[in-house]
Amino acid sequence: MVNNIENAIDAIRKAQNILVLTGAGISTNSGIPDFRGEKGLYNIVKKYGNLPYPEAIFDIEYFRINPKPFFNLSKDLFYSDSHPSICHDFLAWLEEKGKIKLIVTQNIDMLHTIAGSKNVLECHGTYTTAHCQKCGRKYSSEEYSPAIMENKIPRCSCGGIIKPDVVFFGENLPDSFYNLYYDRPKFDLVIVMGSSLTVNPAASVVMSFTDKIPSMIINLEATHYDNQIDYVIHKDLDEFAKIAWKNLKETE
Ligand code: OAD
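Since the model is a prediction, treat every value here as computed from it, not as a measurement.

Cut-offs used in this document
Residues numbered from 1 in each chain as written. Predicted model: local features only at pLDDT ≥ 70, side-chain atom pairs only at ≥ 80, totals over all residues. Heavy atoms only, no water. Helix = DSSP H or I, 4+ residues; strand = E, 2+ residues; numbered from the N terminus. Contact = heavy atoms within 4.5 Å. Polar contact = N/O pair within 3.5 Å; in protein donor to acceptor, adjacent residues only side chain to side chain. Near = heavy atom within 4 Å. Areas by Shrake-Rupley, 256 points an atom, 1.4 Å probe, with all protein chains shown as cover. Nonpolar A, V, L, I, M, F, W, Y, C, P; charged D, E, K, R; others polar. Core = buried A, V, L, I, M, F, W, Y, C linked by side-chain atoms within 4.5 Å. Buried < 20%, exposed > 50% of the residue type's maximum accessible area, 1.4 Å probe, protein only. Pairing = 2+ DSSP bridges. Axes fitted to C-alpha atoms, helices over the stretch in contact; angles between N-to-C directions.

**Q** A description of the environment of Val 166 should follow, citing residues and the corresponding values.
**A** For Val 166, the position within the fold is in strand 6 (residues 162-166). The sequence separation of Val 166 and Thr 126 amounts to 40 residues, and the corresponding C-alpha distance is 4.8 Å. Sequence-distant contacts of Val 166, defined by excluding residues within four places in its chain, comprise Ile 108, His 124, Gly 125, Thr 126, Tyr 127 and Glu 171.

**Q** Tell me what's going on with the side chain of Ser 82, and back it up with residues and numbers.
**A** For Ser 82, the position within the fold is in the loop between helix 4 (68-79) and helix 5 (86-96). A distance of 3.4 Å separates polar atoms of two side chains, one belonging to Ser 82 and the other to Ser 80. Ignoring any residue separated from it by four or fewer positions in sequence, one finds Ser 82 in contact with Ser 30, Ile 32 and Leu 111.

**Q** Tell me about the site of the ligand, and name the residues and values.
**A** Close to the ligand lie 24 residues, the nearest being Arg 36, Tyr 42, Ser 195, Ser 196 and Glu 221. Arg 36 places a side-chain nitrogen or oxygen 2.7 Å from an oxygen atom of the ligand. Taking Gly 194, its main chain carries an N or O atom lying 3.4 Å from an oxygen atom of the ligand. Starting from 790 Å² of accessible surface for the ligand in isolation, the protein chains cover 96%. Split into classes, the residues belonging to the shell around the ligand amount to nine nonpolar, 10 polar and five charged.

**Q** Before we move on, could you go through the nonpolar core and cite the residues and values that matter?
**A** With 29 residues, the main nonpolar core has Ile 12, Phe 90, Leu 91, Ile 191, Met 193, Met 216 and Phe 240 as its most contacted residues. Looking at this core, the elements with two or more residues in it are helix 1 (5-14), strand 1 (18-22), helix 5, strand 2 (100-105), strand 7 (189-193), strand 8 (215-218), strand 9 (231-233) and helix 11 (237-250). Ranked by the residues each element gives to this core, the list is headed by helix 11, at six residues. Other than its neighbours up to four places away in sequence, Leu 91 contacts Val 20, Thr 22, Ile 26, Ile 100, Ile 103, His 112, Ser 117 and Met 193.

**Q** Explain the sheet that holds strand 1 to me, using residue names and the numbers behind them.
**A** With respect to topology, six strands assemble into an open sheet ordered 3-2-1-7-8-9, the strand pairing being parallel. A single partner strand is all that each edge strand has here, and the edge strands are strand 3 (120-122) and strand 9. Here the average twist between neighbouring strands, direction ignored, is 15°. Sheet analysis places strand 2 next to strand 3, joined by three bridges and oriented parallel. Within the sheet, the bridge partner assigned to Thr 105 lies in strand 3 and is Glu 122. Set on the sheet, helix 1 makes contact with strand 1, strand 7, strand 8 and strand 9; between it and strand 9 the angle comes to about 125°.

**Q** I'd like a description of unusual backbone geometry, backed by residues and values.
**A** That bond from Asn 200 to Pro 201 is cis: its omega, 5°, falls within 30 degrees of zero. Mapping Pro 201 onto the fold places it in the loop between strand 7 and helix 10 (202-207). Positive phi is not limited to glycine here, since Met 110 has a value of about 65°. As for its placement among the helices and strands, Met 110 is situated in the loop between strand 2 and helix 6 (111-115). The phi dihedral of Asn 151 falls on the positive side, at around 60°, and the residue is not glycine.

The following block contains the structure:
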């Protein structure tokens, strides 16, 4: 295991086909809390409603009984005026330079796209679209979000609840995520940024690459996968991005 930042940057310099997995830690510098950190969502989630356990806010079975906490949280997310972090911008630049081929993000904040990244797989879904839970009709966020802003539960003309296409616990990830297994040979480096790697299959599928190609993690805290990863950097992502960006530009 290598902990040296220069060696990690050198691995990025040499790679031509990078796969990146991002988690909530890449957006904390944009003002969006992560989930399991000290100030993370699961520590403050009670303000959105009485939940049996924190993760219930994203549990499909619980949503069917009580969707209100999820919509209360969604209202806050719709109101947030967040901008991409330095690290989001750095990844967009690496894609423009042809190095990053795909960003798989567990985040639903769309900051990679806003930063200019084109090839982004939102494996935990999106707020951009939504579906009626009863008749399946599709809605855009412009159609369903006004109800959320008025503290109402968005409802379809058939009476069913309209649920944003965010992937809940108990739901499948998009097929394009599972196709990653078949795309595996085209990548020559896998980088994890800002994820505790506690939620499967996002963590396990991406970690299955580590026995075939070089791997790297940049995260404030240690994860239980660190001992399987070649380059392990425990650092703030924007600090890492600033150093790496300067260094890579100098040797372009
Ligand atoms: P977590 O909150 O579990 O982990 C975020 C990680 O980012 C932590 O290990 C932090 O130490 C690290 N971190 C925070 N700020 C950082 C910074 N500025 N620089 C570097 N590292 C930083 O978030 P995820 O791993 O994304 O799923 O969580 C995965 C999934 O759990 C989410 O997509 C969500 C959640 O339940 C669903 O809701 C389905």
